[in-house]
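Now for the letters of each chain:
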Amino acid sequence: GSSTFHLIAMAKQVHNQKPAWKKSMLYVLALLGLQYIHGDVLPHHSRSLSVLVSTFDHLASELLGNATNIQLAAGIYTVTSTLNIIRDVTISTDGGHVVLDGHLAGRVLQIDSDNVDLVGLDIYKGVAYIKSGTVGFTKCDIHSNNASISMKARGGGVAILDGTVTFTDCMIYSNEGGGGVSIRDGTVTFT
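This section reports on the structure supplied with the text.

What counts and what doesn't
- Residues numbered from 1 in each chain as written.
- Predicted model: local features only at pLDDT ≥ 70, side-chain atom pairs only at ≥ 80, totals over all residues.
- Heavy atoms only, no water.
- Phe/Tyr/Trp six-rings, centres within 6.5 Å; stacked < 30°, edge-to-face > 60°.
- Helix = DSSP H or I, 4+ residues; strand = E, 2+ residues; numbered from the N terminus.
- Buried < 20%, exposed > 50% of the residue type's maximum accessible area, 1.4 Å probe, protein only.
- Lys NZ or Arg CZ within 6 Å of the ring centre and 35° of its normal.
- Arc of directions from axis to C-beta.
- Contact = heavy atoms within 4.5 Å.
- Core = buried A, V, L, I, M, F, W, Y, C linked by side-chain atoms within 4.5 Å.

1. Side note on the packing of aromatic side chains
Taken as a whole, this structure holds two aromatic pairs when the rule is applied. Aromatic pair Phe167 and Phe190: ring centres 5.0 Å apart, planes at 10°, arrangement stacked. One end of the pair, Phe167, is in strand 14 (residues 164-168); the other, Phe190, is in strand 17 (residues 187-190), with 23 residues separating them in the sequence. Among the residues examined, Phe190 registers a relative accessible area of 52% and is labelled exposed. Pairwise contacts between aromatic rings join Phe137, Phe167 and Phe190 into one cluster. Across from the ring centre of Tyr129, 3.6 Å away, lies the NZ or CZ of Arg107, which sits over that ring.

2. Considering helix 3 (residues 56-63)
Each turn of an α-helix holds 3.6 residues, which means side chains three or four residues apart point in the same direction. Looking at helix 3, one finds that the buried residues are Phe56, Leu59, Glu62 and Leu63. With its buried residues spanning 125° around the axis, helix 3 presents them on a single face. Those residues of helix 3 that are buried are in contact with strand 3 (50-53), strand 4 (69-72), strand 5 (75-78), strand 6 (83-85), strand 7 (89-93) and strand 8 (98-101).

3. Describing the nonpolar core
Of all hydrophobic cores here, the largest spans 36 residues; its most connected members are Ile70, Leu72 and Phe137. Looking at this core, the element that brings in the most residues is strand 9 (residues 107-119), giving five residues. Here Phe137 is in contact with Leu118, Ile123, Ala128, Ile130, Ile142, Val158, Val165, Thr166, Phe167, Thr168 and Cys170, once residues within four sequence places are set aside.

Spelled out as structure tokens, the structure:
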């Protein structure tokens, strides 16, 4: 109805708002079955579920759930255990800067799923390990990682055991112990 229309009009201004109001608006949009992506309010696909998270524990919990689109509020997420991704999901930012900080403890992400998209993430001091699947990295910074911390990690920034991986507009730099990307098997594309 008209109240939804006014809510959508207000939400289009979400990127100019204070963080607390922005989080609230994104939550309300998710409840209405809408999502905010790069300045537009769009309907979700009929089978998708979107959630906004703001802590590492909430992110780890949602990866066990059924959300197909997990948006991360701006901030630094201290990775206290490997995020295991074993189902199709898109993990993106809500428009702000998001850092997944592994503190050089080993793997930040381990992916073993059909379709995973990572959008706008800063993967810092921890390896993204891909066992299998179709994985897309878009506008991600992958840096300051060290595979020698965990002998099984292989690649300094991203270790690809198998799968089809695409890097689009990503920056991969300052990684040690296997370079930026290590590929054992699979297909990798940089665009």
